[in-house]
Every structure is written in structure tokens, then in C-alpha cells.
Amino acid sequence: MPPSSLPQRQTLAKLLRSAAGPFERPVRFLGEVLLSAGAAMRGHWTFRREDLGRVLADCSARAVAIVLVVNLLVGAILAFVGAVQLAKFGAGIFVADLVAIAVAREMAAIITAVVIAGRTGAAFAAEIATMQANEEVDALEVLGLTAIDFLVLPRVASLLLMMPLLYIFACVAGLLGGMIVAAAMLDLSATAYLQRTAETLTWTHLGLGIGKSVTFGALVGMVGCYYGLRAQRNAAGVGVATTGAVVTSIVGIIVLDAIFAVCANALDI
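Note that the structure is predicted; figures quoted are calculated from it, not measured.

Thresholds applied
- Residues numbered from 1 in each chain as written.
- Predicted model: local features only at pLDDT ≥ 70, side-chain atom pairs only at ≥ 80, totals over all residues.
- Heavy atoms only, no water.
- Helix = DSSP H or I, 4+ residues; strand = E, 2+ residues; numbered from the N terminus.
- Buried < 20%, exposed > 50% of the residue type's maximum accessible area, 1.4 Å probe, protein only.
- Axes fitted to C-alpha atoms, helices over the stretch in contact; angles between N-to-C directions.
- Parallel < 35°, antiparallel > 145°, perpendicular 65-115°, else oblique.
- Left-handed = near helix turned anticlockwise from the far one by under 90°.
- Expected span 1.5 Å × (residues − 1).
- Contact = heavy atoms within 4.5 Å.
- Phe/Tyr/Trp six-rings, centres within 6.5 Å; stacked < 30°, edge-to-face > 60°.
- Lys, Arg positive; Asp, Glu negative; His and termini not counted.
- Salt bridge = Lys/Arg side-chain N within 4 Å of Asp/Glu carboxyl O.
- Patch = residues over 30% accessible without salt bridge, like charges linked within 9 Å, V, L, I, M, F, W, Y side chains within 5 Å.
- Areas by Shrake-Rupley, 256 points an atom, 1.4 Å probe, with all protein chains shown as cover.
- Core = buried A, V, L, I, M, F, W, Y, C linked by side-chain atoms within 4.5 Å.

Attention shifts here to the overall build of the protein chain. What the protein chain contains, in helices and strands, is nine helices and zero strands. Ordered by position from N to C terminus, the α and β elements of the protein chain give α-α-α-α-α-α-α-α-α. Projected onto the principal axes, the alpha-carbon positions of the protein chain cover approximately 75 × 55 × 40 Å. Residues counted as buried form 42% of the 269 residues belonging to the protein chain.

Okay, structure coming up:
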């Protein structure tokens with residue numbers, strides 16, 4: 001190797017390491033979560049069932065009300081915008097098509113994920129960051145319990161299980177909101193609206209929405225836990241971790257939805 005090429009390669013290696021530096025910790029965290037999940041699926045879990053049940057209740061029953069209200073309003077807004085335009089062409093019945101496809105494919109999954117990011121993801125980050133400030137995470141490590149196994153895995157698993165159920169509730173609420181507006185503005189009967197919705201919705205639309213909800217749930221859970229574990233050990237660190245978790249989750253949801261849209265278009269779904 002010529003002597004002049006060695007410094008150039010060392011410089012290039014330093015540049016690559018500096019460029020990959022911001023992604024090293026998230027990628028390592030993702031790998032640790034996947035390894036822990038694999039061990040848990042083989043029956044080697046270390047978290048308590050009581051903690052899993054508490055987080056499941058917080059992600060499901062206590063979140064249903066806000067999910068229903070927000071998606072009901074989103075469905076009503078979609079129907080209102082569609083009714084104003086479609087009524088000009090005498091095609092008011094197609095409001096049901098618009099609301100059904102938009103809610104099932106896009107809005108139910110996205111809006112539910114954003115609500116969960118602001119509600120549950122922020123709670124994950126704040127709770128773990130507070131434990132980090134109180135040195136409770138260090139105490140777990142001393143006892144031989146890793147934070148990934150004991151704190152992160154039950155929270156991510158809870159969102160993976162509950163997000164599809166919340167998505168179903170969101171779809172029902174969005175369709176109901178659209179039906180209310182269609183009945184009020186276009187004098188469509190509930191029977192006609194539901195019949196048109198049943199003809200329009202397919203398992204492909206619902207399957208795509210469920211796939212999105214599972215992916216968004218994993219993202220929100222891991223981002224919230226990641227920021228909580230990386231928080232500084234003071235009160236300001238808790239606030240920074242909570243804010244970072246919410247902002248990163250929402251941006252990640254939009255990016256993932258764009259990727260889903262491109263893939264669905266390429267696969268003609």
C-alpha cells in the first residue's frame with residue numbers, strides 16, 4: 001500500500017464514523033430490543049406480568065375515549081369536505097367511498113398513532129426518564145435485570161398488541177362521523193351509507209391499515225423508551241426526553257406512512 005494512501009483511508013474512515021455516529025445508538029437500541037424480544041418469545045422473559053397488565057390497560061381501555069373522539073371528528077371533517085365538492089356534481093353518495101377508503105387506509109392509523117404518541121409515548125419517556133434521574137435503572141442493572149428486558153419490552157409489546165384494536169375502534173368512529181355528516185348535509189339514509197361503505201371497503205384496505213398500526217405502535221413504543229433511557233439525570237432531562245419522544249414519533253409516523261404509500265403504489269395495493 002502506498003504511504004500516501006494510508007492517511008487518506010484513515011480520514012475517510014473518520015468521516016464515515018462521524019456520519020454514522022448519530023445512528024449508532026438508535027441502531028444498537030433496536031438490535032437489543034429485537035434480541036430481547038426473541039428471547040422472550042422462547043419463554044425467557046424477565047419482566048413482571050403485573051407491569052405488562054398495567055401498561056396494557058393504559059394503552060387500551062384508558063386510551064379508547066380520546067381515540068374515538070378524535071377519529072369521529074376526523075371522519076366528520078372528511079365527509080364535510082367531500083360533501084361540499086361532490087354535491088356540486090350530484091355525486092353525494094360517493095362521500096361514503098371517500099370516507100371509507102381514507103379512514104381505513106390512512107387516517108385511522110395515522111391519527112391513532114399520533115394520539116398514542118402524544119399520550120402513551122410521552123408517558124413512557126417521562127416515566128423511564130424519571131427512573132433514570134432517581135437511579136432506579138442503575139439499581140435494576142445491579143440486580144442483574146437489564147432495562148431493555150424489564151422496562152422496554154413490556155411497553156413495546158403492549159403497543160404492538162393494542163394498536164390494531166385501537167385502529168378498529170378508530171375506523172368505526174371515523175365511519176360513524178362520516179355517516180352523521182352525510183345524513184345531515186346530503187339526506188343520505190344510514191342504510192344507503194352503510195351499504196355503499198360495505199361495497200367499497202375491502203380486506204386489502206383494512207389489512208394495509210392494520211399493518212400500519214402495528215408498525216406505528218412499535219415505533220412509538222421504542223422511541224419513547226429510547227428517549228427515556230437516554231435522558232439526563234435531572235428535571236430538565238425529563239422534559240427534554242418527553243418532548244423529543246413526541247416530536248420524533250410524529251415525524252417517524254409521517255415518514256413511515258410515506259414509505260407505506262410508495263410501497264403500496266408499487267405493489268398496486
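The next point concerns unusual backbone geometry. Phi is positive for E135, close to 65°, though the residue is something other than glycine. Looking at where E135 falls in the secondary structure, it is placed in the loop between α4 (95-133) and α5 (136-142).

The next subject is the packing of helix α6 (residues 147-186) against helix α8 (residues 203-229). Contact pair α6 / α8: the axes reach a minimum separation of 8 Å and the direction vectors enclose 155°. Relative to α8, the element α6 is oriented roughly antiparallel. For the element pair α6 and α8, the recorded crossing hand is right-handed.

On to helix α3 (residues 64-86), then. In this model, α3 (23 residues) spans 32 Å end to end at C-alpha, consistent with the 33 Å of a helix rising 1.5 Å per residue. Those residues of α3 that fall on the buried side of the exposure criterion are V64, V67, N71, V74, G75, A76, A79, G82 and A83. In this structure, the buried side of α3 is in contact with α4 and α6.

Any pair of aromatic rings gets described here by the distance separating the centres and the angle formed by the planes. Taken as a whole and assessed by the stated rule, the structure comprises two aromatic pairs. Aromatic pair F216 and F260: ring centres 6.5 Å apart, planes at 80°, arrangement edge-to-face. Placement of F216 in helix α8 and of F260 in helix α9 (residues 235-266) is noted, with a sequence separation of 44 residues between them. By relative accessible area, F216 is classed as buried at 0%. Overall, the relative accessible area of 23% leaves F260 in the partly exposed class.

Relative to the helices and strands, R105 is located in helix α4. As a buried residue without a salt bridge, R105 has its nearest oppositely charged side chain in E106, at a separation of 5.2 Å. If we ignore the near neighbours within four places in the chain, the residues touching R105 are H205, L208, K212, A264 and I269.

Before going further, it helps to spend a moment on a nonpolar patch on the surface. Among the surface-exposed residues, I77, F80, V81, V84 and M185 lie close enough to one another that they form a single nonpolar patch of about 440 Å² accessible area. In terms of residue count, the dominant contributor to the nonpolar patch is α3 (four residues).

Attention shifts here to α8. For α8, which comprises 27 residues, the first-to-last C-alpha distance of 39 Å matches the rise-based estimate of 39 Å (1.5 Å per residue) to within 8%. Counting buried positions along α8 gives 19 out of 27 residues, so the element sits mostly inside the fold.

Counted by the stated rule, this structure contains seven salt bridges. Between D97 and R196 there is a salt bridge whose closest N-O contact spans 2.7 Å. Of this pair, D97 sits in helix α4 while R196 is found in helix α7 (residues 190-200), placing the two residues 99 residues apart along the sequence. Across the pair K212 and D257 runs a salt bridge, and its minimum N-O distance is 2.9 Å. With K212 in helix α8 and D257 in helix α9, the pair connects residues that are 45 residues apart, well separated along the chain. In terms of burial, K212 and D257 fall into one category: buried. A network of salt bridges, in which partner residues are shared, links R54, E127 and R155.

Residue D97 is classed as buried on the basis of its relative accessible area of 14%. Residues contacting D97, with those up to four places away along its chain left out, are R196 and T200.

This brings us to the nonpolar core. The biggest cluster of nonpolar side chains holds 62 residues, and the ones touching the most others in it are F29, L151, V152, L229 and I253. Those elements that provide at least two residues to this core are α1 (5-41), α2 (49-59), α3, α4, α5, α6, α8 and α9. In this structure, L229 is in contact with F29, I128, Q132, V137, A147, I148 and V152, ignoring residues within four places of it in sequence.

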